[in-house]
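# Chains, contacts and geometry: an overview
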Amino acid sequence: MVELLAPAGNFISLRAVLENGADAVYFGLDDYNMRANAKNFSLDDLSEVSKIAKEYGAKTYLCTNIILNEKRASELESNMEAISSAEIDGLILSDIGLIEDTVAHGLEAHISVQENVTNSYTLKTLKKLGAKRAILSRELSLREITEITKKSPIETEIFIHGAICMAISGRCFLSYGLYGRSANCGDCLQPCRKNWTLTYEEGEDNVINFSDVEDETFIVTGSDDGSYRTNFFSPKDMCMIEHIPELMKSGVASFKIEGRARSPDYGAMVTGIYREAIDSYIDNPSGYEVKDEWMEELTSVFNRGFDTNFYFNTPFEVSEDNQSKYIKKDIGQVVNYYNKVGAAELRIWDDLKIGDKIIIQGQTTGSITHTIDSMQIEGESVEEVDKNTNVAILIPTKVRKNDFVYKLVERNSND
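Residues numbered from 1 in each chain as written. Predicted model: local features only at pLDDT ≥ 70, side-chain atom pairs only at ≥ 80, totals over all residues. Heavy atoms only, no water.

## Let's talk about the overall build of the protein
What counts is decided by this rule: By the criteria applied, helices consist of DSSP H or I runs no shorter than four residues and strands consist of E runs no shorter than two, each listed in order from the N terminus. We call two residues in contact when some of their heavy atoms are within 4.5 Å. Computed with a 1.4 Å probe, the accessible areas rest on the Shrake-Rupley method; for each residue, only the protein chains presented here act as cover.
Within the protein, the secondary structure is distributed over 10 helices and 23 strands. Partitioning the contacts of the protein with sequence separation of at least 6, the portion at a separation of at least 24 is 67%. Accessible surface, the protein as shown: approximately 20,900 Å² in total, 47% of it carbon and sulfur.

## A closer look at helix H3 (residues 70-85)
Short version of the rule: In this analysis, the expected span of each helix is defined as 1.5 Å times one less than the number of residues it contains. One axis fitted to the seven residues ending at a residue, another fitted to the seven starting there: the angle between these axes is the bend at that residue.
Given a rise of 1.5 Å per residue, 16 residues ought to cover 22 Å, and the 24 Å separating the end C-alpha atoms of H3 matches this to within 8%. Along H3, the sharpest kink reaches roughly 40 degrees, centred on Asn79. Of the residues flanking the end of H3, it is Glu87, one or two places downstream, whose phi is positive at about 65 degrees.

## Observations concerning the environment of Asp89
Note the following rule: Polar contact criterion, stated in full: a pair of N or O atoms within 3.5 Å, where within protein one must be able to donate a hydrogen and the other to accept it, and residues adjacent in sequence count only if both atoms are side-chain atoms.
Residue position: Asp89 is located in the loop between H3 and strand E4 (90-93). As for Asp89 and Lys59, which are separated by 30 residues in sequence, their C-alpha atoms are 6.2 Å apart. Beyond its immediate sequence surroundings of up to four residues, Asp89 is in contact with Ala58, Lys59, Thr60, Tyr61, Leu107 and Glu108. Here Thr60 takes part through its backbone nitrogen, which lies 2.8 Å from a polar atom of the side chain of Asp89.

## Digging into a nonpolar patch on the surface
Going by this rule: Here the term patch refers to residues with relative accessible area over 30% and no salt bridge, with like charges joined within 9 Å and nonpolar side chains (Val, Leu, Ile, Met, Phe, Trp, Tyr) within 5 Å. Any Lys or Arg side-chain nitrogen located within 4 Å of an Asp or Glu carboxyl oxygen qualifies as a salt bridge. When a residue's accessible area, from a 1.4 Å probe over protein chains only, is under 20% of the maximum for its type it is buried; when over 50% it is exposed; and in between it is partly exposed.
Together, Leu178, Tyr179 and Leu189 make up a nonpolar patch on the protein surface, roughly 260 Å² of accessible area in all. The residue Leu189 is located in the loop between helix H7 (174-179) and strand E8 (196-197) in this model. When its relative accessible area of 34% is taken as the criterion, Leu189 is described as partly exposed.

## Notes on the packing of aromatic side chains
Our working definition: Note on aromatic contacts: the rings of Phe and Tyr and the six-membered ring of Trp form a pair at centre separations within 6.5 Å, being stacked when their planes are under 30 degrees apart, edge-to-face when over 60 apart, and tilted otherwise.
Within the structure shown, the criterion is met by 4 aromatic pairs. Their ring planes at 80 degrees and their centres at 5.7 Å tell us that Phe27 and Phe41 sit as a pair that is edge-to-face. Linking Phe27 in strand E2 (residues 24-28) with Phe41 in the loop between E2 and helix H2 (46-55), this pair joins segments that are 14 residues apart in sequence. A ring pair is formed by Tyr288 and Trp294, whose centres lie 6.2 Å apart and whose planes are at 35 degrees; its orientation type is tilted. Here Tyr288 falls in the buried class, since its relative accessible area comes to 13%. Assessed through its relative accessible area of 1%, Trp294 is described here as buried. Linked through ring pairs, Phe11, Phe27 and Phe41 together constitute an aromatic cluster.

## Examining the sheet that holds strand E15 (residues 343-348)
Working definition: the strands of a sheet are paired by backbone hydrogen bonds and lie parallel or antiparallel to each other. Short version of the rule: When DSSP finds at least two bridges between two strands, those strands are taken to pair.
Strand order in this open sheet of 8 strands is E18-E17-E23-E14-E15-E22-E19-E20, and the pairing throughout is antiparallel. The open sheet has two free edges, formed respectively by strand E18 (366-371) and strand E20 (380-381), since each of these has just one partner strand. Bridge analysis of strand E19 (residues 375-377) against E20 gives 2 bridges, and the strand direction is antiparallel. Pairing of Gln376 across the sheet is with Ser381, part of E20.

## Points about the packing of helix H1 (residues 11-19) against H2
Applicable threshold: Axis definition: a line fitted to C-alpha atoms, limited for helices to the stretch in contact. Angles are taken between N-to-C directions and run from 0 to 180 degrees. Oblique is the label for any angle not under 35 degrees, not over 145, and not in the 65 to 115 range, which are roughly parallel, roughly antiparallel and roughly perpendicular in turn. Definitions for this section: a left-handed crossing has its near helix turned counterclockwise from the far helix by less than a right angle. A right-handed crossing has that turn clockwise. Three classes are used: nonpolar for Ala, Val, Leu, Ile, Met, Phe, Trp, Tyr, Cys and Pro, charged for Asp, Glu, Lys and Arg, and polar for all others, with Gly counted as polar.
Look at H1 against H2: their axes get within 10 Å of each other, and the N-to-C directions meet at 15 degrees. Relative to H2, H1 is oriented roughly parallel. Here the hand of the crossing between H1 and H2 comes out right-handed. Across the interface between the two elements, Phe11, Leu14, Arg15 and Leu18 of H1 pack against Glu48, Val49, Ile52, Ala53 and Glu55 of H2. Taken together, the residues of the contact of H1 with H2 sort by class into 6 nonpolar, no polar and 3 charged.

## Quick look at the pattern of salt bridges
Counted under the stated rule, the structure contains 19 salt bridges. Close ionic contact of Glu3 with Arg133 constitutes a salt bridge, the shortest N to O distance being 2.9 Å. Separated by 130 residues along the polypeptide, Glu3 in strand E1 (residues 3-8) and Arg133 in strand E6 (residues 133-135) bring together distant segments of the chain. Close ionic contact of Asp350 with Lys407 constitutes a salt bridge, the shortest N to O distance being 3.5 Å. Of the two residues, Asp350 is situated in the loop between E15 and strand E16 (352-353) and Lys407 in strand E23 (residues 404-410); the sequence distance between them amounts to 57 residues. The pair Asp350 / Lys407 is uniform in exposure class, with both members buried. Taken together, the shared-partner salt bridges in this structure form one network comprising Glu3, Arg133, Glu155, Glu157 and Lys256.

## Brief notes about the packing of H1 against helix H9 (residues 264-283)
Two numbers describe how H1 lies on H9: the axes approach to 8 Å, and their chain directions differ by 15 degrees. In terms of axis orientation, H1 runs roughly parallel to H9. When you trace H1 past H9, the crossing you get is right-handed. Every residue of H9 that contacts H1 at Ile12, Ser13, Ala16 and Val17 is listed here: Pro264, Gly267, Ala268 and Thr271.

## Section: the environment of Val290
Inspection of the secondary structure puts Val290 in the loop between H9 and helix H10 (292-298). Sequence-wise, Val290 and Ile241 are 49 residues apart; in three dimensions their C-alpha atoms are separated by 7.8 Å. With residues up to four places along the chain from it excluded, the contact list for Val290 reads Ile241 and Glu242.

Put into structure tokens, the structure is as follows:
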């Protein structure tokens, strides 16, 4: 059965994706992964990560997928014993030189998308080196992925949802060129996501268009200062929720959700939706239907608009800013949870009313989304409460003292 692989940027995200059906989790180690700006985990955290994942029967894959210089490669090799002792299942490697050491320490070697694997010949070579799995290039079509996977002697993995980098398999120098912060070492400042000003100078040039495409325009928007701006460096996010049957038939071993730098509620929502979709297909392939609410819920969390990346054609639409329908507003904290009645006491520093949708997050709780349907103050039912108030709410899922409480506020055109 296909594996659903979800991201974890911290312990809250870890619990959130596991509670929502992830078969496996991937996460970063400080200084050795492509999300240096996420919270990540330390070597000392790995045993706890492994322990939590085992509670859910899930596998654990540690990202070590930056371009390693000599110093970092040596440091990582020296940490192999500690990683293995923590009972992590495997390493995601961008450097094939560490495959042998990884396998020697009893860990699975998974080859990162940074290696830009685009054919079965590479996969056969990786098999000889000891790799168990390779994440295929994000520039491949679904037809190519299916063909390669059929010939592959090792497992293949693909991304099915989340942000897409402007560069081939993420190998980009734009951030380094502008700010001295290297994307290839996990420290990308994402200048491609900015709103760029486009200028055009009249004059002779040596650019000749040999392609069949006559339209060379970019999508631009006018600004208040009279200039024009464009996001042509920034692609939309990938979303394959409407194409689960085609993905399932490809033979790929693992479906990967991007998003270690995103919030726990994002991980919980996206993982839960894809879990439901995959299980629905497995239970009844011939009667499988895409539910309207899946896309509705996916658009409720952070996104830049959706595309199917290279799976069916060459992407041509550029991204906009965050297209989610809601803003997550910090409004309070959990004071206590009463198991017998299934109620939580909240300390609120913003208004709250019946019908509001809230998110409660904590390291053990994970991320829970709940619509307020009952509130009480000192035993009396209320319809709304003002800020700086303690209020009890009915919530069937257990939450914990000091968990964070957020309210989802509908975004308006000025946000």
